[in-house]
Amino acid sequence: MHAATPSAIDRRRLRDVFGTYITGVAVITTLDAEGRPCGVTANSFSSVSLDPPLVLWSQALNARSFPAFSRHERFVVNVLAKHQRELSQRFATPGADKFAGVECRPGIGGLPMLADCCAHFECRKVTTWPGGDHAVFLGLIERFERSAAEGLAFGGGRYLVTRAHAEAAGAPG
Ligand SMILES: Cc1cc2nc3c(=O)[nH]c(=O)nc-3n(C[C@H](O)[C@H](O)[C@H](O)COP(=O)(O)O)c2cc1C
């Protein structure tokens, strides 16, 4: 148990404990003011609403691509498949020429859609909320698709692959 006033919270430890929540991994893409592709690895993606269809993700304010995501009215969530760990690392590395040699096709508005992903959600940004050292982007899904590929997972600071729980007969609902 770790109890503390907010100001006394150990950031390193908090990050580790956040990591107990296992997530998928996505690369979120958009275009900058000059129309160049931008992309970042993000595990803050979450589904929000079915009607209307909404998703969110959050981005660090100090990310190089933050001005592009903040300015552009659209983003694409490229949900990574389990064979795309290297792509995740590439888009998590600031300054790298992230799109060099990466197979992409244009989505709505010409935004980059990465090949071989599990799923794509093409979104129009409807709201941006302040969230401390991050901004939270809420997007309305305008188009989505999925493939048969299995997703890449992330937890405890490591990439993971998933398998069904031994006791799982199906999901509720
Ligand atoms: C698995 C994983 C998940 C990440 N999730 C996020 C996230 O949700 N939001 C964020 O701002 N950065 C996240 N990052 C870090 C960014 O991908 C990284 O800082 C990236 O280099 C930012 O790119 P830029 O500075 O070129 O914009 C994540 C990194 C990894 C490896």
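Here's what I pulled together on the structure shown here.

Criteria and thresholds
Residues numbered from 1 in each chain as written. Predicted model: local features only at pLDDT ≥ 70, side-chain atom pairs only at ≥ 80, totals over all residues. Heavy atoms only, no water. Helix = DSSP H or I, 4+ residues; strand = E, 2+ residues; numbered from the N terminus. Near = heavy atom within 4 Å. Polar contact = N/O pair within 3.5 Å; in protein donor to acceptor, adjacent residues only side chain to side chain. Nonpolar A, V, L, I, M, F, W, Y, C, P; charged D, E, K, R; others polar. Salt bridge = Lys/Arg side-chain N within 4 Å of Asp/Glu carboxyl O. Buried < 20%, exposed > 50% of the residue type's maximum accessible area, 1.4 Å probe, protein only. Contact = heavy atoms within 4.5 Å. Phe/Tyr/Trp six-rings, centres within 6.5 Å; stacked < 30°, edge-to-face > 60°. Pairing = 2+ DSSP bridges. Axes fitted to C-alpha atoms, helices over the stretch in contact; angles between N-to-C directions.

1. A look at unusual backbone geometry
Note that the residue after Asp51, namely Pro52, is joined by a cis bond; omega there is 5 degrees. In this structure, Asp116 takes a positive phi of about 65 degrees despite not being glycine. For Asp116, the position within the fold is in the loop between β8 (112-114) and β9 (119-131).

2. Notes on the site of the ligand
Surveying the vicinity of the ligand reveals 19 residues, the closest of which are Thr41, Ser44, Ala60, Ser65 and Lys98. Here an oxygen atom of the ligand sits 2.9 Å away from a polar atom, N or O, in the main chain of Arg64. Where the shell around the ligand is concerned, the elements lending two or more residues are β3 (37-42) and β5 (54-60). Looking at the shell around the ligand, its residues break down into 9 nonpolar, 8 polar and 2 charged.

3. Let's talk about the pattern of salt bridges
The full count for this structure, using the stated rule, is 8 salt bridges. Residues Arg36 and Asp32 are paired through a salt bridge, measuring 2.9 Å at the closest nitrogen-oxygen approach. Note on Asp32: relative accessible area 13%, which makes it buried. Each member of the salt-bridge network shares a partner with another, and the members are Asp32, Glu34 and Arg36.

4. A word on the side chain of Arg74
As for its placement among the helices and strands, Arg74 is situated in strand β6 (residues 74-79). Classification of Arg74 as buried rests on a relative accessible area of 8%. A polar contact of 2.7 Å, which involves the side chain of Arg74, links it to the side chain of Glu142. The residues touching Arg74, leaving out its near neighbours within four places in the chain, are Thr30, Ile108, Leu111, Glu122, Cys123, Arg124, Lys125 and Glu142.

5. Concerning the packing of aromatic side chains
Think of a pair of aromatic rings as described by two things: how far the centres are apart, and how the planes are tilted against each other in angle. Going through the model one piece at a time under the given rule, you end up with 8 aromatic pairs. Between Trp57 and Phe137, the aromatic rings sit 5.3 Å apart at their centres with planes inclined by 45 degrees, giving tilted as the arrangement. A residue pair is termed long-range when its members are at least 10 positions apart, and Trp57 in strand β5 and Phe137 in strand β10 (residues 134-146) qualify at 80 residues. Feature note: the residues Trp57, Phe66, Phe69, Phe75 and Phe137 constitute an aromatic cluster, connected by ring pairs.

6. Comments concerning the pairing of β6
Burial within β6 is extensive, with 6 of its 6 residues counted as buried. By the alternation rule, side chains of β6 split into Arg74, Val76 and Asn78 and Phe75, Val77 and Val79, which are all buried. With 4 bridges connecting them, strand β2 (residues 26-31) and β6 associate as antiparallel partners. Following the sheet pairing, Ile28 is matched in β6 by Val77.

7. Focus: the sheet that holds strand β12 (residues 158-160)
Pairing is antiparallel across the open sheet formed by 3 strands, whose spatial order is β1-β11-β12. On the outer flanks of this sheet lie β1 (23-24) and β12, each paired with one strand and no other. Sheet topology places strand β11 (residues 153-155) next to β12; 3 bridges connect them, and they run antiparallel. Paired with Ala153 across the bridge in β12 is Leu160.

8. Points about the sheet that holds strand β4 (residues 46-49)
Strand order in the open sheet formed by 7 strands is β3-β2-β6-β9-β10-β5-β4, with antiparallel pairing between adjacent strands. The open sheet has two free edges, formed respectively by β3 and β4, since each of these has just one partner strand. With direction set aside, neighbouring strand axes in the sheet form an average angle of 35 degrees. Pairing of β4 with β5 involves 3 bridges; the strand directions are antiparallel. Counted as the bridge partner of Ser49 is Leu54 from β5.

That's the geometry; what it means functionally is another story.
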